[in-house]
Amino acid sequence: MDTLELIKSLKESNDGKIVLLVADGIGGLAQKPGGLTELETAKTPNLDALAKIGVQGLSTPIKPGITPGSGPGHLGLFGYDPLKYVIGRGALEAAGIGFAMTDNDVAIRCNFCTTDAAGNISDRRAGRIPSDESAAVVQKLKAIKIPGIEVFVEPVKEHRFVVVFRGEGLGDAVADTDPQKTGVPVMNPAVHAGVQCPASEKTAKIAKEFHEQAVKILANEPKANNHTMRGFARKPHVPSYQEIYGLRSACIAVYPMYKGLASFAGMDIVGEAQTLAEEIDILKKEWNNYDFFFVHFKYTDSRGEDGNFDGKVAMIEEFDAVIPRVMELKPACLIVTGDHSTPAVMSSHSFHPVPTLLVSDLARTDATQEYSERAAVQGGLGQFEAMYIMPLAMGHAGKLGKFGA
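Residues numbered from 1 in each chain as written. Predicted model: local features only at pLDDT ≥ 70, side-chain atom pairs only at ≥ 80, totals over all residues. Heavy atoms only, no water.

**Section: the side chain of R166**
The line we're drawing: Elements are defined by DSSP. Helices are runs of H or I of four residues or more, strands are runs of E of two residues or more, and each kind is numbered from the N terminus. The term polar contact refers here to a pair of N or O atoms within 3.5 Å; inside protein, the definition further demands a hydrogen-donor-capable atom paired with an acceptor-capable atom, and it admits residues adjacent in sequence only when both atoms are side-chain atoms. In what follows, residue pairs with any heavy atoms lying within 4.5 Å of each other are defined as contacts.
Following the sequence through the fold, R166 ends up in strand 6 (residues 160-166). Only 2.6 Å separates the side chain of R166 from the side chain of D105, close enough to count as a polar contact. Once you skip the residues sitting within four places of it in the chain, R166 turns out to touch F99, A100, T102, N104, D105, I149, E150 and F152.

Written out as structure tokens, the structure is:
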């Protein structure tokens, strides 16, 4: 019996609410050895107050030393083994904007980028082009036609858009075309090294044709004159939160990808928030309608990816400021964590474990006095895999029965 089957057999119902409050990429690193991380630098009086009445530890998103993407990072937080339930980024983005995938689809998350006269990437995100500008450029790409394949192109947010190929015999074992650095060209779509898959070869050929047509259409764009393709993915099948945990579950997020993740887990997507404050407004409004709330804050991650240490500190402080509003609702269990670490000094996701704080009347309080990486090392939860956060939350909310006689 795996963990999900165990939880499914033990789940019990009560009126207690669980809140999973995720500051994306909150874990960080010091700018110099012996210094303070972004979280340790930030003024977080509200989170520190919770640390004194809760228990914390360090969660490992996948396995020690493995750097997670946002998809597997969140799947772990939701209680799924991210090595068993693999959802590609393209499918997440498609679901996040409400695109209904079929079993004949392959979805790709695309980024507009800027390339120079030599065809080399000068900006991987096209200057984080505003969403309204990006949507107008995406509209031009809808003119692309590929014989025998239905092509759907839809805007997401800022520099992101989704492409879906629909047709018989398509595979998704296609490598990303983003080289993850500047000064080099966009890579050609190709099947993953060592993979023999005619269906994926077909998809790679279609993707190459799409890119060639797109480059011609985008040639005169000042910022978004090229694009990369990431996360080729077919439609996934994941057991729902209602089935596993018996929870009426809601997702409150700004960015579409996280809504997509939550929808695959069977969560309702509620509200149309554009700011963290608006997300908490929705949490309060929907409080009596659900048993579980996933609330996502993006900008701790994006500032880290931009290498902006001070900017990430400011976003952590913004995150801290809403904590009293959450606690006013009196959740039976509150989890504060991230899906991964995004140290500004690395300008990328990293393998470092994530400080995770649990607050509940049933928590065995530890001696930590602040919410931080340094304190979490000493916390009562120890170091554990993120996929056990949900069982911990269920137990601390009194929603799990006894196993065995």
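**Quick notes on the pattern of salt bridges**
Close approach of charged atoms allows side chains of opposite charge to pair. Selection rule: Should a side-chain nitrogen of Lys or Arg be within 4 Å of a carboxyl oxygen of Asp or Glu, the pair is scored as a salt bridge. Three labels apply to residues, based on accessible area from a 1.4 Å probe with only protein chains included: buried if under 20% of the type maximum, exposed if over 50%, partly exposed otherwise in between.
Going through the model one piece at a time under the given rule, you end up with 19 salt bridges. A salt bridge links R124 to D178, with the nearest nitrogen and oxygen atoms 2.9 Å apart. Of this pair, R124 sits in the loop between strand 4 (121-123) and helix 6 (131-141) while D178 sits in the loop between strand 6 and helix 7 (198-218), placing them 54 residues apart in sequence. By relative accessible area, which is 15% here, R124 ends up buried. Ionic pairing is found between R128 and E158, a salt bridge with its closest N-O pair at 4.0 Å. With R128 in the loop between strand 4 and helix 6 and E158 in the loop between strand 5 (150-157) and strand 6, this residue pair connects regions lying 30 residues apart in the sequence.

**Quick word on the packing of aromatic side chains**
Selection rule: Two aromatic rings from Phe, Tyr or Trp, using only the six-membered ring of Trp, form a pair when their centres are within 6.5 Å; if the ring planes differ by under 30 degrees the pair is stacked, by over 60 it is edge-to-face, and anything between is tilted. Here, over-ring charges are defined by two tests on the NZ atom of lysine or the CZ atom of arginine: distance to the ring centre within 6 Å, and angle to the ring normal within 35 degrees.
Per the counting criterion, the structure on display carries 14 aromatic pairs. A centroid spacing of 6.1 Å and a plane angle of 85 degrees characterise the contact between F78 and Y241, whose relative ring orientation is edge-to-face. Of this pair, F78 sits in the loop between helix 4 (70-77) and helix 5 (89-96) while Y241 is found in helix 8 (residues 241-245), placing the two residues 163 residues apart along the sequence. Each of the two residues, F78 as well as Y241, counts as buried. Ring centres of F165 and F210 lie 6.0 Å apart, and the angle between their planes is 65 degrees; this geometry places the pair in the edge-to-face category. Here F210 lies in helix 7 and F165 lies in strand 6, a separation of 45 residues in the sequence. Per residue, the accessibility class of F165 equals that of F210, and both read buried. An aromatic cluster is defined as three or more aromatic residues linked by ring pairs; in this entry it consists of F78, Y80, Y85, Y241, Y245, F292 and F294. A cation sits over an aromatic face here: K157 above Y255, 5.3 Å from the ring centre.

**Observations concerning empty space enclosed by the protein**
Test applied: Using only the protein atoms, space was sampled on a 1 Å grid; points where a 1.4 Å probe fits but cannot get out form cavities, open sets with protein on both sides within 12 Å along at least five of seven lines form pockets, and lining residues are those with an atom within 4 Å of a point. Grid points are joined across faces, edges and corners, and a volume is the space filled by probe spheres set on the points. Residues are grouped as follows: Ala, Val, Leu, Ile, Met, Phe, Trp, Tyr, Cys and Pro are nonpolar; Asp, Glu, Lys and Arg are charged; every other residue, Gly included, is polar.
Applying the stated criterion to the full structure yields one cavity of 30 Å³ or more. The calculated volume of the largest cavity comes to roughly 30 Å³. Considering the residues around the largest cavity, the lining is formed by R89, E93, R160, Y255, M257, Y258 and K298. Of all the elements in the fold, those that place two or more residues in the lining of the largest cavity are helix 5 and helix 9 (256-264). Classifying every residue of the lining of the largest cavity by side-chain character gives three nonpolar, no polar and four charged.

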